[in-house]
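Analysis of the macromolecular model
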Amino acid sequence: MANHRVSARKVKRLWTYNVTEAATVTGATSATIRQWLKAGLQAVPGVRPSIVRGVDLIAFVKGRQAGRKRPCGPGRIYCLRCKEPREPAFGEVEYWPDTATKGALRGLCPVCGGWLCRRTTITGARAAAGDLSISFKCDGPSLG
Ligand SMILES: [Zn+2]
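Residues numbered from 1 in each chain as written. Predicted model: local features only at pLDDT ≥ 70, side-chain atom pairs only at ≥ 80, totals over all residues. Heavy atoms only, no water.

**Remarks on helix α1 (residues 19–26)**
Count 3.6 residues to each turn of an α-helix, and residues three or four apart come out pointing the same way. Among all positions of α1, only Val19, Ala22, Ala23, Val25 and Thr26 are buried. Elements in contact with the buried residues of α1: β1 (16–18), α2 (30–39), β2 (51–53) and α3 (54–68). In this structure asparagine 18 caps α1, since a side-chain oxygen of it lies 3.0 Å from the backbone nitrogen of threonine 20. Glycine 27, located one to two residues past α1, shows a positive phi value of around 85°. (Buried < 20%, exposed > 50% of the residue type's maximum accessible area, 1.4 Å probe, protein only. Helix = DSSP H or I, 4+ residues; strand = E, 2+ residues; numbered from the N terminus. Contact = heavy atoms within 4.5 Å. Polar contact = N/O pair within 3.5 Å; in protein donor to acceptor, adjacent residues only side chain to side chain.)

In structure tokens form, the structure reads like this:
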């Protein structure tokens, strides 16, 4: 399932969950829970079939989410194709407005040639772009 969101929000710290219950409460599938058990999710020792404590399930899901975050520093934009933050080719980005205050910085990925896109505000664009040169595009919503 694409874009399937897994969350620890509904997990109760003091409860225990079997694989099916853990899947229901996190929004993952039972197969995913079994993979997590192999990947280091702590099961209660000596109990078959496996059960997990809520507190361990929360820690595992949160740790997994934290490990996935790739913060982009100034001058870097996340490339969806490479799955890495990249410095745009030629040190240049374009600011494309969506509304009067919000828009996106766009640049070219120097590695795969795909588009890089970083959502920002017009006031945040300068800080997000760091040392890159920005050209502002005016063919968004017309300003009158
Ligand atoms: Zn790329």
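From this point, things continue past the structure.
**Quick notes on the packing of α1 against α2**
At a minimum axis separation of 8 Å, α1 and α2 run at an interaxial angle of 110°. Looking at the two axes, α1 sits roughly perpendicular to α2. Contacts between α1 and α2 pair Val19, Thr20, Ala22, Ala23 and Thr26 from the former with Ser30, Ile33, Arg34, Trp36 and Leu37 from the latter. Among the residues making up the contact of α1 with α2, the classes are represented as six nonpolar, three polar and one charged. (Axes fitted to C-alpha atoms, helices over the stretch in contact; angles between N-to-C directions. Parallel < 35°, antiparallel > 145°, perpendicular 65-115°, else oblique. Nonpolar A, V, L, I, M, F, W, Y, C, P; charged D, E, K, R; others polar.)

**Remarks on the sheet that holds strand β8 (residues 133–136)**
On the basis of which strands lie adjacent, the open sheet formed by four strands has the order β7-β6-β5-β8 and mixed pairing. Bordering the open sheet on either side are β7 (115–121) and β8, each of which pairs with just one other strand. Strand-to-strand twist across the sheet, computed as the mean angle between neighbouring axes with direction ignored, equals 30°. Where strand β5 (residues 92–97) meets β8, four bridges bridge the pair, whose relative direction is parallel. Paired with tyrosine 95 across the bridge in β8 is phenylalanine 136. (Pairing = 2+ DSSP bridges.)

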